[in-house]
Amino acid sequence: RFDTWLSSRLKLPPSYLLSYSGNYTDDAKSWRLVDITRLTSKYQHDRADKRICTSLLKTKTCSLERALRRTRRFQKWLRAKRLTPDLVQGLSSPMLRCPSQRLLDRIVRRYAEVPDAGSIYMDHLTDRDKLRLLYTLSVNSHPILLQIFPSVEGWPFPRYLGSCGRLVVSASTRPLRDFYGAAPDVAADLALQLLAVLRSMGTNDLNYFFYFTHVDAGTFGVFSNGHLFIRDASTLGIIDKEEGSQLIDGQQEYKDIFSCLTVDCSSTFVSCNSIREEHSLVMVCQELLPKLLKGKFRQPVQEKIDTFLQHCADGLDDDQGVNETAAKLAELLKPLRSCDSRFAYRYPDCKYSDKY
């Protein structure tokens, strides 16, 4: 159930927004706030549909399912017992640029749109299930990431509730941009959470290294209890620190219609070996933290914060360690946050804990 829709007086098409707020229920009694998000823009999906028909069937319109079923890649998927790196090579999703067999097995085992078989083999997927999984991975890996790294296991993503076509429904968050004008203690709290999320993305029990290929003010969101999460996981890449990449860089260049559904077919891939551990931290220091923390605190604290942010933003060109700078920034911010009911995700625990 939509909370709000675009006002008719604006005379804008429904495709103007990428995300809508709504209410969701699974028992018809209790309702929860959700975000209904498009996986692609209207322009992108119209262009993708046209590309499928004109490149595969040489017509302006066609049955997308029938056209994609005929492709060489999908025919390989139909014969495959297991999702292997060669089946996803060349897909534009950052998550699949450097795939390991362990990561691909996790996708199959945790794919939420089919009955859970707890198996790494694709025997429990029908032909249509396989096509839907392949199509989703080709268009936007965001819903797949929410399924295979669920929030109930401590991963910093909103709860996945379902997807259909090019829409995904997840627990509601407010984008970080809404907090650029927040009070100093709120800004300090969110900045600390942001640094903690990036740290967990680089070091976690499963030995996966997550990195962003792009960040903006909508990448992160905040729940009503003050807890910060990754709101948009579509630009997250994954490197398996345990197994490493199963594709050599040359194999990534393989292109077909599935490689080009949301990006230009001529786009080049970043080498798996070129991603540095500080990559995401530097981007956040360049793009987000200055807007969140600028002019919020008294001197000389503000000057120290600005200096740390500059060192961090210059990290890939500077000899000083980015992680060390981020740790110093976190120590500076900790005393600046407060402990009260506005921060429900850690209140009243903070009253009885030294770490706050």
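Residues numbered from 1 in each chain as written. Predicted model: local features only at pLDDT ≥ 70, side-chain atom pairs only at ≥ 80, totals over all residues. Heavy atoms only, no water.

Within an unreviewed UniProt entry, the label attached to the protein reads Deleted in autism-related protein 1, and the organism entered is Merops nubicus. Turning to the protein, the UniProt record has this under Subcellular location (unreviewed entry): "Secreted". In its Sequence similarities (unreviewed entry) section, the UniProt entry covering the protein states "Belongs to the DIPK family." (UniProt positions renumbered as here; feature names shortened; annotations may be inferred.)

A separate point is the environment of Arg231. In this fold, Arg231 is placed in the loop between strand S8 (228-230) and strand S9 (236-240). Counting along the chain gives 92 residues from Arg231 to Asn323, while the straight-line C-alpha distance between them is 23 Å. (Helix = DSSP H or I, 4+ residues; strand = E, 2+ residues; numbered from the N terminus.)

This paragraph deals with the state of the cysteines. As enumerated under the stated definition, the model contains three disulfides in all. A sulfur-sulfur separation of 2.0 Å characterises the disulfide bridge that pairs Cys285 with Cys312. Note on the Cys285 and Cys312 pair: the S-S dihedral is about 75°, so by sign convention the disulfide is right-handed. Here Cys285 is found in helix H9 (residues 279-287), whereas its partner Cys312 is found in helix H11 (residues 301-313), with 27 residues between them in sequence. (Disulfide = S-S within 2.5 Å.)

According to the stated counting rule, one finds seven aromatic pairs in the structure shown. Relative to Tyr208, the ring of Phe149 has its centre 5.6 Å away and its plane inclined at 75°; by these criteria the two rings are edge-to-face. Here Phe149, found in the loop between helix H7 (142-148) and strand S3 (160-164), pairs with Tyr208, found in strand S6 (residues 208-212); they are 59 residues apart in sequence, far enough to count as distant. Of the two residues, Phe149 and Tyr208, both sit in the buried class. Members of the aromatic cluster, each reached through a chain of ring pairs, are Phe149, Trp155, Tyr208 and Phe210. One Lys or Arg, Arg102, reaches over the ring of Tyr208 and ends 4.2 Å from the middle of that ring. The positively charged end of Arg346 is found above the aromatic ring belonging to Phe343, 4.6 Å away from the centroid. (Phe/Tyr/Trp six-rings, centres within 6.5 Å; stacked < 30°, edge-to-face > 60°. Buried < 20%, exposed > 50% of the residue type's maximum accessible area, 1.4 Å probe, protein only. Lys NZ or Arg CZ within 6 Å of the ring centre and 35° of its normal.)

So, about helix H6 (residues 127-139). With 13 residues, H6 extends 18 Å from end C-alpha to end C-alpha; this agrees with the ideal 18 Å at 1.5 Å per step. Judged by how many residues are buried, H6 sits mostly within the fold: ten of 13 residues are covered. Turning to H6, its buried residues are Asp129, Lys130, Leu131, Leu133, Leu134, Tyr135, Thr136, Leu137, Ser138 and Val139. If you follow the buried residues of H6, they end up packed against helix H1 (42-57), helix H2 (64-69), helix H3 (72-79), helix H5 (101-110) and H7. (Expected span 1.5 Å × (residues − 1). Contact = heavy atoms within 4.5 Å.)

In this section: the nonpolar core. Ranked by internal contacts, the top residues of the largest apolar core, which has 89 residues, are Met95, Phe149, Phe220, Leu289, Leu292 and Leu293. Counting residues per element, this core draws most heavily on helix H8 (residues 184-202), at eleven residues. Mapped onto the domain boundaries, this core takes at least three residues apiece from domain 1 (19-171) and domain 2 (174-351). Look past the residues within four positions of Leu292 in its chain and what remains in contact with it is Leu176, Phe179, Tyr180, Ala187, Leu190 and Ala191. (Core = buried A, V, L, I, M, F, W, Y, C linked by side-chain atoms within 4.5 Å. Domains from an automatic or database assignment.)

Glancing now at H1. Counting along an α-helix, one turn takes 3.6 residues, and residues three or four places apart therefore face a common direction. A rise of 1.5 Å per residue sets the reference length of H1, with its 16 residues, at 22 Å; its end C-alpha atoms lie 22 Å apart and thus fit the reference within 8%. Listed as buried for H1 are His45, Ala48, Ile52 and Cys53. Buried residues of H1, viewed axially, fall in a sector of 125°; they line one side. Set apart from the buried face of H1 by more than 90 degrees, the exposed residues are Tyr43 and Lys50. (Arc of directions from axis to C-beta.)

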